[in-house]
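Examination of the molecular architecture
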Amino acid sequence: MAGRLDGRVAVITGAGSGIGLATARRFAAEGARVVAVDVNAEAGQACAEEVGGECVAIDVTDAPAVEALFDGVASRYGRVDVAFNNAGISPPDDDSILDTGIEAWERVQRVNLTSVYLCCKYAIPHMVRQGKGSVINTASFVALMGAATSQISYTASKGGVLAMTRELGVQFARQGVRVNALCPGPINTPLLKELFAKDPERAARRLVHVPMGRFGEPEEIAAAVAFLASDDSSFMTANTFVVDGGITGAYVTPL
């Protein structure tokens, strides 16, 4: 439905590809002014140019840079209506706890969890000042399930996103700020393709557990994000919003 986000200012991290890029397109189609944030300046700028928005190239684990990001957006546009905290990594050296080193563990935690903490820390005060805002934090279905094909730091980081989101959603509910966690299932993004291209057996093991029998598309997740960003979800906060093709509900899947 075009127009649900008319006049709203939306900040998207990890906007240069995958779910972030698809969401930037969807937000722009629904009337939002998009601020595309990505550590890859070229990808972020391409996104911004496509959707008629603005690119801010920063490392979202850098606290002063994240603070300047949201202060700058509020200064330039007068408000921050939506923060989609979506940047994340899943490197190959994040594997079983028996094999994952402390450096890999900490790198994933910084990008996937600390960056969400920083974006919430510096976006929410602007929303409280306005008396309204929507924060959507990207978690994952893996925060809700166990897996024998482990990515231990990734899984732990997404569990942290869920817990933090619930607390923030409750804390700021009466100040007009909604905070929800998005839990995508396996999505057909460059990150997933890179991971599974290196290990087709792991890809096959995961896909068989999805009742729909396929990976999701970024546009399907973008539709869910647009719902959470809009007033259509006005009575939702501290919520775990699962869009996973049925994987978290499956005990036995169709042959």
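Shown above is the structure to which this text applies.
First things first, this report covers the structure right here in the doc. (Residues numbered from 1 in each chain as written. Predicted model: local features only at pLDDT ≥ 70, side-chain atom pairs only at ≥ 80, totals over all residues. Heavy atoms only, no water.)

1. Re the environment of valine 35
Applicable threshold: Only DSSP runs of H or I with at least four residues qualify as helices, and only runs of E with at least two residues qualify as strands; both kinds are numbered from the N terminus onward. Throughout, a contact is declared for two residues whenever any of their heavy atoms are within 4.5 Å.
When you line up the elements, valine 35 lands in strand β2 (residues 33–37). Put simply, valine 35 and glutamate 54 are 19 residues apart on the chain and 4.8 Å apart in space, counted from C-alpha to C-alpha. Other than its neighbours up to four places away in sequence, valine 35 contacts Val9, Ala10, Val11, Ile12, Glu54, Val56, Leu69, Val73 and Tyr77.

2. Quick look at the pairing of β2
Regular strands place side chains that alternate from one sheet face to the opposite one. We count it as follows: Relative accessible area decides the class of each residue, using a 1.4 Å probe on protein chains only: under 20% of the type maximum gives buried, over 50% gives exposed, and in between gives partly exposed. Strands are treated as partners if at least two bridges between them are detected by DSSP.
Counted residue by residue, β2 has four buried out of five residues, so it is predominantly covered. As paired strands, strand β1 (residues 9–13) and β2 are joined by five bridges and run parallel to one another. Bridged to isoleucine 12 within β2 is alanine 36. Across three bridges, β2 lies against strand β3 (residues 54–56) in parallel orientation. Counted as the bridge partner of alanine 36 is cysteine 55 from β3.

3. Some details on the nonpolar core
What counts, and what does not: What we call a nonpolar core is a set of buried Ala, Val, Leu, Ile, Met, Phe, Trp, Tyr and Cys residues that are connected through their side-chain atoms within 4.5 Å.
Ranked by internal contacts, the top residues of the largest apolar core, which has 35 residues, are Leu69 and Phe70. When residues of this core are traced back to their parent elements, those giving at least two are β1, β2, α3 (63–77), α4 (102–130), α5 (152–171) and β6 (177–184). At eight residues, the largest contribution of residues to this core is made by α4. Once you skip the residues sitting within four places of it in the chain, leucine 69 turns out to touch Val11, Val35, Val37, Val56 and Ile58. In terms of nonpolar packing, the next biggest core, distinct from the first, is built from 27 residues, Ala10, Ala15, Ala48 and Val225 among them.

In short, geometric facts, not functional conclusions.
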